[in-house]
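A look at the structure
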Amino acid sequence: MARNFFNGTDAELNTGSAAFSTKITATPVAFGLVAAQATAYAALSTAYTTAYLAAIDPLTRTKAKIAAKNQAKVNLKAMASNLAKIIDGTPTVTNEQKIDLGLNVRAHPSPIPPPGVQPAVNVLLVQGRAVRVRIIDSAVPTKRGKPAGVLGASVYSFVGTSYPIDPTAWFFEGTTTKKLFDVQFPDSVAGGAQVWIMAKWFNKTTQNGPPSVPVTTFVQGGLSMVV
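The following paragraphs examine the structure supplied in this document. (Residues numbered from 1 in each chain as written. Predicted model: local features only at pLDDT ≥ 70, side-chain atom pairs only at ≥ 80, totals over all residues. Heavy atoms only, no water.)

Considerations on the overall build of the protein chain
- Helices and strands together make up the secondary structure of the protein chain, namely four helices and eight strands.
- Its helices and strands in sequence order give the protein chain the pattern α-α-α-α-β-β-β-β-β-β-β-β, from N to C terminus.
- In summary, the protein chain has a C-alpha radius of gyration of 32 Å against a globular reference of 17 Å for 227 residues, an excess of more than 25%.
- The dimensions of the protein chain, computed from C-alpha atoms along their principal axes, are 100 × 35 × 30 Å.
- On the protein chain, roughly 12,900 Å² of surface is accessible, and the fraction owed to carbon and sulfur atoms is 61%.
- Of the charged side chains in the protein chain, 21 are positive and 11 negative, and the gap between their average positions amounts to 7 Å. (Helix = DSSP H or I, 4+ residues; strand = E, 2+ residues; numbered from the N terminus. Rg over C-alpha atoms; globule rule 2.2 N^0.38 Å. Areas by Shrake-Rupley, 256 points an atom, 1.4 Å probe, with all protein chains shown as cover. Lys, Arg positive; Asp, Glu negative; His and termini not counted. Charge placed at Lys NZ, Arg CZ, Asp CG, Glu CD.)

Okay, here's the thing in structure tokens:
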């Protein structure tokens, strides 16, 4: 993976910084900078080059020269990092420009699309006003797991002789990551009333996919099942 020039060796910092300074000095605005920033950076880059060459030359290399080089390196890297953040945050600066400056281009994760398939809902049991359903992959009903990219299902219900087309008319029952889900209708729903249940897959970012084909059944009077 490519890295920023200022995270390399002392030699890489020296050559990379010189190239970086030349480019931002020539056209600072093109990189989201101002001339004063480019001028200040050029001074630090020149200071580092001077200290670096003195520290690696056997004729001038001393503990004091090495310490001076190390301090100049700290100063240069700090400003290089700050300018890199400004450049990276400038929308008009392209990845090509960043690479040309010796900067790492961060990979941005691709957006996660919502599920593209619908689940299937099967009514398993009705006891009182409780309805147990199984939610499965409509494309592969025998599959034990969920479709790729699916975390769970959102479940909705409706009471009436026909289900509504308007999605806002459905009552949200909750979410589940399991196949089985119990819908508990309130006592205000009369025994023998027709009810509808449908579900939507959702992914890890809680985006819902298309709704299932609604299934219908009739609730009973009396007590609900104990789960």
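Having seen the model, we can carry on.
Some words on the nonpolar core
- In terms of nonpolar packing, the biggest core is built from 22 residues, with Phe5, Phe20, Ile24, Tyr41, Ile87 and Leu103 touching the most fellow members.
- Looking at this core, the elements with two or more residues in it are helix H1 (10–26), helix H2 (35–56) and helix H3 (63–88).
- The leading source of residues in this core is H3, at seven residues.
- In this structure isoleucine 87 touches Phe20, Phe31, Leu33, Val93, Lys98, Leu101 and Leu103, once residues within four positions along its chain are discounted.
- Of all hydrophobic cores here, the second largest spans 19 residues; its members include Val150, Phe181, Val195 and Val219. (Core = buried A, V, L, I, M, F, W, Y, C linked by side-chain atoms within 4.5 Å. Buried < 20%, exposed > 50% of the residue type's maximum accessible area, 1.4 Å probe, protein only. Contact = heavy atoms within 4.5 Å.)

Things to note about the packing of aromatic side chains
- Scanning the entire structure with this criterion turns up eight aromatic pairs.
- Taken together, a centroid distance of 5.1 Å and an interplanar angle of 75° make the contact between phenylalanine 20 and tyrosine 41 edge-to-face. Of this pair, phenylalanine 20 sits in helix H1 while tyrosine 41 sits in helix H2, and the two are 21 residues apart along the sequence.
- For tyrosine 41, a relative accessible area of 0% translates into the label buried.
- With centroids separated by 6.1 Å and ring planes inclined at 55°, the aromatic side chains of phenylalanine 158 and tryptophan 170 adopt a geometry described as tilted. (Phe/Tyr/Trp six-rings, centres within 6.5 Å; stacked < 30°, edge-to-face > 60°.)

Notes on the pattern of salt bridges
- Counted under the stated rule, the structure contains five salt bridges.
- Of the charged contacts, one joins aspartate 88 and lysine 98 as a salt bridge, the two residues approaching to 3.0 Å between their closest N and O atoms. You can see aspartate 88 sitting in helix H3 and its partner lysine 98 sitting in helix H4 (residues 95–100), a full ten residues away along the chain.
- Note on aspartate 88: relative accessible area 23%, which makes it partly exposed.
- Residue lysine 98 is classed as buried on the basis of its relative accessible area, which comes to 9%.
- Ionic contacts of the salt-bridge type, sharing partners, join the residues Asp10, Lys69 and Lys73 into one network. (Salt bridge = Lys/Arg side-chain N within 4 Å of Asp/Glu carboxyl O.)

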